Each structure stands twice: as C-alpha cells, then as structure tokens.
Amino acid sequence: MFKKTTLALGLLILLPQAHAHRQWLLPSNTQIDAKEAWVTIDGAVSENLFDFDSNALALDNLEVVAPDGSQVKAETITKSKFRGSADFKLLQKGTYKISQNSQNVMATYRLNGEEKRWRGAEEKMAQEIPAEATDLKISRTYNRLETYVTADQPTDTVLKAVNQGLELLPLSHPNNLYAQETTRFKVLLDGKPVADSKISVIAGGVRYRGVLNEITAISDKDGVISIKWPFAGMYWLKAAYPQLPEMVDGKRPAMPEKRYSYAATLEVLLP
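Residues numbered from 1 in each chain as written. Predicted model: local features only at pLDDT ≥ 70, side-chain atom pairs only at ≥ 80, totals over all residues. Heavy atoms only, no water.

Asker: Mind showing me how you'd approach the overall build of the protein chain here?
Answerer: Of regular secondary structure, the protein chain possesses three helices and 18 strands. The buried share of the protein chain, reckoned over its 271 residues, is 42%. Accessible surface, the protein chain: about 15200 Å² in total, of which carbon and sulfur atoms supply 51%. Seen as two clouds, the 33 positive and the 32 negative side-chain charges of the protein chain have centres 4 Å apart. (Helix = DSSP H or I, 4+ residues; strand = E, 2+ residues; numbered from the N terminus. Buried < 20%, exposed > 50% of the residue type's maximum accessible area, 1.4 Å probe, protein only. Areas by Shrake-Rupley, 256 points an atom, 1.4 Å probe, with all protein chains shown as cover. Lys, Arg positive; Asp, Glu negative; His and termini not counted. Charge placed at Lys NZ, Arg CZ, Asp CG, Glu CD.)

Asker: Hey, could you run me through the pairing of strand β10 (residues 134–151) in this one?
Answerer: Within a regular strand, the side chains alternate between the two sheet faces. Note that strand β2 (residues 31–32) and β10 share two bridges and pair parallel. Residue pairing for β10: Gln 31 is matched across the bridge by Thr 150. Note that strand β8 (residues 94–111) and β10 share 16 bridges and pair antiparallel. Bridging from a neighbouring strand, Tyr 96 pairs with Val 149 of β10. Pairing of β10 with strand β18 (residues 258–268) involves eight bridges; the strand directions are parallel. Paired with Glu 146 across the two strands is Ala 264, which belongs to β18. (Pairing = 2+ DSSP bridges.)

Asker: Please explain the packing of aromatic side chains as it appears in this structure.
Answerer: Any two aromatic rings considered together are summarised by their centre-to-centre distance and by the angle between their planes. Counted according to the given criterion, the structure contains five aromatic pairs. Note on Trp 24 and Phe 52: the rings are 5.5 Å apart at their centroids and 55° apart in plane angle, and the pair reads as tilted. On the criterion of sequence distance, the pair formed by Trp 24 in strand β1 (residues 22–27) and Phe 52 in the loop between β3 (37–46) and β4 (55–56) is long-range, its members being 28 residues apart. Among the residues examined, Trp 24 registers a relative accessible area of 0% and is labelled buried. A centroid spacing of 5.9 Å and a plane angle of 35° characterise the contact between Phe 231 and Tyr 235, whose relative ring orientation is tilted. Within the aromatic cluster, the residues linked to one another by ring pairs are Trp 24, Phe 50 and Phe 52. (Phe/Tyr/Trp six-rings, centres within 6.5 Å; stacked < 30°, edge-to-face > 60°.)

Asker: Sorry if this is basic, but what is going on with the pattern of salt bridges here?
Answerer: Opposite charge on two side chains permits them to pair, given that their charged atoms come into close proximity. For the coordinates displayed, the defined rule picks out eight salt bridges. A salt bridge links Glu 146 to Lys 97; its shortest N-O distance comes to 3.9 Å. Remark: Lys 97 occurs in strand β8 and Glu 146 occurs in strand β10; sequence separation between them is 49 residues. A residue is classified by how much of its surface remains accessible, and Glu 146, at 3% relative accessible area, is buried. Notably, a salt bridge pairs Arg 140 with Glu 122, separated by 2.8 Å at the nearest N-O pair. Here Arg 140 is found in strand β10, whereas its partner Glu 122 is found in helix α2 (residues 122–128), with 18 residues between them in sequence. According to the relative accessible area criterion, Arg 140 is partly exposed, its value standing at 22%. Three or more residues joined by partner-sharing salt bridges are found here, namely Lys 97, Arg 144 and Glu 146. (Salt bridge = Lys/Arg side-chain N within 4 Å of Asp/Glu carboxyl O.)

Asker: Would you mind showing me how to read the side chain of Lys 97 here?
Answerer: Overall, Lys 97 belongs to the buried group, its relative accessible area being 6%. Polar contacts involving the side chain of Lys 97 include one to the main-chain carbonyl oxygen of Lys 160, which spans 3.2 Å. Those residues in contact with Lys 97, other than ones at most four positions away along the chain, are Glu 63, Val 64, Val 65, Arg 144, Glu 146, Thr 147, Tyr 148, Val 158, Lys 160 and Val 162. (Polar contact = N/O pair within 3.5 Å; in protein donor to acceptor, adjacent residues only side chain to side chain. Contact = heavy atoms within 4.5 Å.)

So, in structure tokens, the structure goes:
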C-alpha cells in the first residue's frame, strides 16, 4: 500500500505540467485499406491529449477535402458531453485533408470605473458590451485544426497551402511518418514563411507516462522545422503567432489585436 501511495503522489507531482486544455481532431484511422472506406473524426477539448475528459468540439463546420479537391459531406454528425463525432464515406482513393476553422474574440473595457473582460463570438460582441464602455481593447484569435487520412494509396493533391492564417505545411507525406525518422514542415502565415516560430510536439498517452515529454522545434529563416519522432503513436503539433508576451510583475501585457493558432494530429508508425 505504501509503495502504491508513493507512486500515486509522484504522479500527482509530475502531472500538473500536462494540465492545459488543448483542442484536437482525432481520426479513427489514418490509413484505410478497405473496399468501402469510412472514417470517423472525433473532436474534443481535453487536459490529457486524446482523452475525452473535458468538453466536446462541435464539428458542424468540419471541412473535408477529397483527393480531387471536392468537398466531402458528413454522413452523420453527433455531439455528446465529451466529444463531437462526424462520419465520412471516402469514395475516392487517395489522401484527404480534414480541417476546422474558428474565431474567438476577447475584449477588455472599463464600465463605471471597473475593468471588465468579455469573450465570445464576433456577432455577439456589439450586443453584449455596453455602448457606454470605455477603453475598449479587442483581440481576435483565428484557430485552425487539421489532420490527414489516406484511403488506399497516398496522394499529394491536398498537400498545399491555403494561404490563409497560420499553417504547418508538410514537406513529406503526413500519412507516411515513422519513428526515429525526421520530418520537415514549413510554417506559413497567409502563405508567407515564418522564421523563429516555436512549434510544440506532444505525444498522446500523457496520463500513462506521468510526464508531458514535450518536444519543441524552432523554424529557420525559411520557416522550415525538423522533427525527429521518438516513438510510434498519435502526436499533436501546435503553433501560434505571435507568441504570447511574457508576464511582467505578475501581469500579462495586452493581447495582440490578432493572434493565430494552429494544431494538427498526426500518426507516427513503427519503422
């Protein structure tokens, strides 16, 4: 009993560094070899990556691009307490890009001598922030989530930049990643390379490891990063621009007017 208690306390000491809420998409399979190919995409916000422990993501605006560039409509979309799910029938052979875009607005203002904070959708801001508010400061965050799925043999027609917002463009096929090999990506903002961008890479299964084991990579002058995958599994990659300012005297400086966030889910296979 003493040994078990000691182990549990040790894990409690290690786990808090993993406790940050992260948004992600998770395909039921990234490589499908079947006569009739289907994939289920789950979406959630969780503390432990790929565990359904916090909130569901609504997937009504999920965009699935087929190998020929056409849009694939979901056969079913559901949302429960902890996960959103969408089922897609993959009629074409090749690689599909799955993505979801969203925008959040944060604002600070003063009302009757008090500082107030507001967060919500763009269309509700004018209704919910009083007209008599002063010192209004607004920050908009543009979020993009992505993953890739291949039916039969991989193709590269969807592996191109959309040139809007922040992107992590794979320079090799994202469904052909292997442990102990190195993969390169290019960080783009509105289609232009971003130098010195910090990318966070985290493998799933954090609660079983007890430590986050975060890998970081910094883009070079051409926006290119290199990531060596330590082991097989599902990985979450996160980029943001600009980076959040450092705390000063316990307070964070004002948020930038625009901030971009990108996250991708990729599977790394055994060699």
